[in-house]
2 protein chains.
Amino acid sequence: MKKWETCIRRVEPYTPGEQPQGTGIIKLNTNENPYPPAPGVMSLKLNAARYRLYPDPTAGDLVRELAAYHGLSEDQVFVGVGSDDVLAMCFLTFFNSGLPICFPDITYSFYDVWAELFRIPYERKPLNDAFELKAGDYYAENGGVVFPNPNAPTGIAADMGMIRDILEHNRDVIVIIDEAYIDFGGESALPLLEEYENLIVVRTFSKSRSMAGVRIGYAMGSSTLIRALLDVKYSYNSYTMNTPSIALGVESLRDEAYFRETIEKIVTTREWVKKELSALGFTFPDSRANFIFASHPEIPASELYRAAKEKNIYVRYFDKPVIDRYLRITIGTDDEMKAFIHFLKDEITSRS
Amino acid sequence: MKKWETCIRRVEPYTPGEQPQGTGIIKLNTNENPYPPAPGVMSLKLNAARYRLYPDPTAGDLVRELAAYHGLSEDQVFVGVGSDDVLAMCFLTFFNSGLPICFPDITYSFYDVWAELFRIPYERKPLNDAFELKAGDYYAENGGVVFPNPNAPTGIAADMGMIRDILEHNRDVIVIIDEAYIDFGGESALPLLEEYENLIVVRTFSKSRSMAGVRIGYAMGSSTLIRALLDVKYSYNSYTMNTPSIALGVESLRDEAYFRETIEKIVTTREWVKKELSALGFTFPDSRANFIFASHPEIPASELYRAAKEKNIYVRYFDKPVIDRYLRITIGTDDEMKAFIHFLKDEITSRS
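This structure is a prediction, so every number in the text was calculated from the model and none was measured. Within each chain, residues carry numbers counting from 1 in the order of the written sequence. Chain labels run from A onward and ligand labels from 1 onward, assigned in the order the entries are written. With the structure being a predicted model, the display of local features is reserved for residues of pLDDT at least 70 and the display and counting of side-chain atom pairs for 80 or more, all residues being used for whole-chain, interface and lining totals.

S.K.: Would you explain the overall build of chain A in this entry?
M.R.: The number of helices and strands found in chain A is 10 helices and 11 strands. We compute the radius of gyration over the C-alpha atoms and compare it with the globule rule, which gives 2.2 Å times the number of residues raised to the power 0.38. Its C-alpha atoms give chain A a radius of gyration of 21 Å, near enough to 20 Å, the size a compact globule of 352 residues would have. Structurally, chain A occupies a C-alpha span of about 60 × 55 × 50 Å along its principal axes. Each residue is classified by how many other C-beta atoms fall within 10 Å of its C-beta atom, where C-beta atoms are placed from the backbone; a count of 20 or more means buried, 12 or fewer means exposed, and values in between mean partly exposed. For chain A, with 352 residues in total, the buried portion stands at 51%. The contact rule is simple: place each C-beta atom from the backbone, and if two of them lie within 7 Å, those residues are in contact. For chain A, long-range pairs separated by at least 24 residues make up 73% of all intrachain contacts whose partners lie at least 6 apart in sequence. Secondary structure elements follow DSSP: runs of H or I no shorter than four residues count as helices, runs of E no shorter than two count as strands, and numbering proceeds from the N terminus.

S.K.: Would you mind going over the environment of N237 of chain A with me for this structure?
M.R.: In this structure, N237 of chain A sits in the loop between α6 (223–234) and α7 (243–253). On the basis of neighbour counts, which here come to 27 C-beta atoms within 10 Å, the residue N237 of chain A falls in the buried class. Measuring from C-alpha to C-alpha, the distance between N237 of chain A and P57 of chain A comes to 9.3 Å, with 180 residues separating the pair along the chain. Leave out the neighbours within four places in its chain, and N237 of chain A touches V81, G82, D84, D85 and A88 of chain B.

S.K.: Even after reading the chapter, I still don't get the sheet that holds strand β10 (residues 313–317) of chain B, so can you show me in this structure?
M.R.: Sheet strands associate in pairs through backbone hydrogen bonding, adopting either a parallel or an antiparallel arrangement. All names here are of chain B. If DSSP finds at least two bridges between two strands, the strands pair. Overall, mixed pairing links the four strands, which are arranged β1-β10-β11-β9 in an open sheet. The sheet is open, and its two borders are formed by β1 (26–28) and β9 (291–294), each paired with just one other strand. Averaged over all adjacent pairs, the angle separating strand axes in this sheet is 30°, with direction ignored. Sheet topology note: the β9/strand β11 (residues 327–330) ladder contains four bridges and is antiparallel. Bridge assignment links I292 to a residue of β11, and that residue is I329. Here the axes come from fitting lines to C-alpha atoms, over the contacting stretch only for helices, and the angles between their N-to-C directions go from 0 to 180 degrees. Against the sheet, helix α10 (residues 334–351) contacts β1 and β10, and its axis sits at roughly 90° relative to β1.

S.K.: Looking at this model, I keep getting lost on the domain arrangement of chain A. Mind explaining?
M.R.: Buried accessible area, meaning the area lost when the parts come together, often serves as the stated size of an interface. Residues and elements named next belong to chain A. A domain assignment, automatic or from a database, supplies the domain bounds used here. Partitioning chain A into structural domains gives domain 1 (20–36 + 256–351) and domain 2 (53–253). Once you take the C-alpha centre of each, domain 1 and domain 2 turn out to be 26 Å apart. Contacts between domain 1 and domain 2 engage 22 residues on the former and 19 residues on the latter. Going through the elements one at a time, α8 (256–279) and β9 (291–294) are the ones with two or more residues in the side of domain 1 that touches domain 2. Looking at the side of domain 1 that touches domain 2, the element that brings in the most residues is α8, giving five residues. When residue character is reported, Ala, Val, Leu, Ile, Met, Phe, Trp, Tyr, Cys and Pro are called nonpolar, Asp, Glu, Lys and Arg charged, and the others, Gly included, polar. Of the residues in the side of domain 1 that touches domain 2, the class split is 14 nonpolar, five polar and three charged.

S.K.: Explanation requested: the relation of the copies chain B and chain A in the structure shown.
M.R.: Each copy of the chain is related to the other by a rotation around an axis and a translation along that axis. When the copies are overlaid, the least-squares fit takes in C-alpha atoms only where the residue has pLDDT of at least 70 in both copies. Superposition record for chain B on chain A: RMSD 0.0 Å, screw rotation 180°, translation along axis 0.0 Å. Taken together, these values place the two copies in the relation of a two-fold axis. When each C-alpha of chain B is compared by its distance to the rotation axis, P244 of chain B comes out closest, at 3.5 Å. Same-surface contact between copies: 100% of interface residues of chain B are shared with the interface of chain A.

S.K.: Looking at this structure, how should I read the pairing of strand β8 (residues 217–221) of chain B?
M.R.: All names here are of chain B. For β8, a buried count of five out of five residues is recorded, marking the element as mostly surrounded by other parts of the structure. Residue alternation in β8 divides its side chains into two sets, G217, A219 and G221 and Y218 and M220, and both sets are buried. Pairing of strand β2 (residues 77–80) with β8 involves four bridges; the strand directions are antiparallel. For V79, the partnering residue across the bridge sits in β8 and is Y218. Taken together, the five bridges between strand β7 (residues 199–204) and β8 define a ladder with antiparallel strand orientation.

S.K.: What exactly am I supposed to notice about the sheet that holds strand β1 (residues 26–28) of chain A here?
M.R.: Residues and elements named next belong to chain A. Taken in spatial order, the four strands of this open sheet run β1-β10-β11-β9, and their pairing is mixed. Because the sheet does not close on itself, it has two edges, and the strands there are β1 and β9. Strand-to-strand twist across the sheet, computed as the mean angle between neighbouring axes with direction ignored, equals 30°. Bridge count between strand β10 (residues 313–317) and strand β11 (residues 327–330): two bridges; the pairing is antiparallel. The residue of β11 that forms the bridge with R316 is R328. Sheet contacts for helix α9 (residues 301–310): β10 and β11; angle to β10, the most-contacted strand, approximately 155°.

S.K.: Please explain α9 of chain A as it appears in this structure.
M.R.: Residues lying three or four places apart along an α-helix face the same way, a consequence of the helix completing one turn every 3.6 residues. All names here are of chain A. If you check which residues of α9 are buried, you get A301, L304, Y305 and A308. Down the axis of α9, the smallest arc covering the buried residues is 100°, so these residues share one side. Seen from the open side of α9, the exposed residues pointing more than 90 degrees away from its buried face are R306 and E310. On its buried face, α9 is in contact with β10, β11 and α10 (334–351). Just past α9, the residue N312 takes up positive phi, approximately 65°. It is the directions from the helix axis to the C-beta atoms that the arc portrays.

This is the structure we're talking about:
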């Protein structure tokens, strides 16, 4: 090793989900939406004459549209390059007490990665045997709390009672609720923003708004928290949201009917897939997200994952303790899910 | 102050350059390019059907195009959301020795902000009276070196002798050369990448490629350094470059003739403006960038800045010691610069 190499920060490299390129692939592995974005997004003619200018650093058009959409004031909304950017900024901004932050042991896989990156101490709190959060684990003194609702990769939603319970026991730290999947079910913590100034709710355009490729995430909270996020963001990179993403994001918010219709389709498909999976002997938590976390009593998930991949069907398999018995299956179109269920039937038949 | 507020990271809020909206404004304050991006960028029909999918996390199309353009291999190129994102990632990845990093005392205003944000110790090395870097200041043991070439906001380019000198005396740390303005003049350090595995050269599409609104920056270096940057980036946010930016960036690189022509126009205008400014009594370093850093012996820069703003002409004024005698004037179109020179003549006449 050369001496300059000792200056390099070593991190555990994160492996993103496979992004297979090509045709004829059924992609149920990264929780993308199978339907296109709103027609207005698809047809929007971008103002290329603006490309030469820096974007509005406040992303004002998008912030205003989001504030109006959620009935908040503009100083309660922060936007970023996908919810990963927003959450990372939240970690950097809000978890500075020196005490360990808390999150579930089975959860979104970036939380521990950001904590390591920013040198924030952390504790993983075990879920119960049914993969549910135990509110009591979050009562002790800590440096902050973060959890997704619904949780990933389980899809289980915490009810309002549990959310309130956690907030009541954490009035002195900042609590981040990551609602990436909330539009597909579950109860949002948004109405609690008025009561808890230390609450941050994070959302994304990647799942329910079919815009993973455009990279838009946002946080909502008290103006004190949003101001602090903006200060850190401006000291990091003033211009993160590019001109196309601001315009496309605004357009998406203007078509509520299409948004509702798309979600309804996915939820209907999800409930149908649950019945099919049950009939095939799978067990799974009752997902409120756009994916199902399912395990078969006899066939190892790793084998199903590989067999599906050979048939050009991609699902997500996590090679980690406990969850390595499960597949995370994104809800695609009805046709895609029929093909997947058909594959499962064949696979199970051929093994029995 | 509530107890949860003590968890918030406090940073010195950075104030980005004014982004006045409206018409009839002559905007010479943020070093934007007055000409549109390449015709292919302007007319590109984006593939909206891809918006629902995550972008390629490697931004492979753009990385390949950049590697081919610069005659490097693909594992020598890293892309990010503007050069601010790329530089911040470089600070986070490469400045971990615990020793202070070094940069000029008059330079790009984000360097000390990032150092503070990531808690990297730093030392500012004074420029000489002519605003030039003194290579000897960078000989002592340090935790890394970063400087722009040409420097900002002075526009002065370091020659190859000085660059080599600094690199020779810093073989054990990582040296970042920020070439945001190199396309307008100056000698690039790119040919030195073969000799110095500890050298990183950073570029942007915001100035010479007229694409500030699209947010594209990139770093070039040895595969060891680029791998380390990718590891940190993937552990932070896997999907930073959105689908539109990747496609628009590729398109820009494919039109070398337009790129050269635009730069030629700006350089010609710059040299003409230098003559006009001299005739009006201004003094300024010999800029190789798309701006001129100019001072008038009698009229304070702050007054000229305000008077220009009243006429809807925006230039940049830094209210900081030493540089508060100067205006940083972006090179616009010939018409814009004529209007600005006309304003200066009027202003000087009215005061004499």
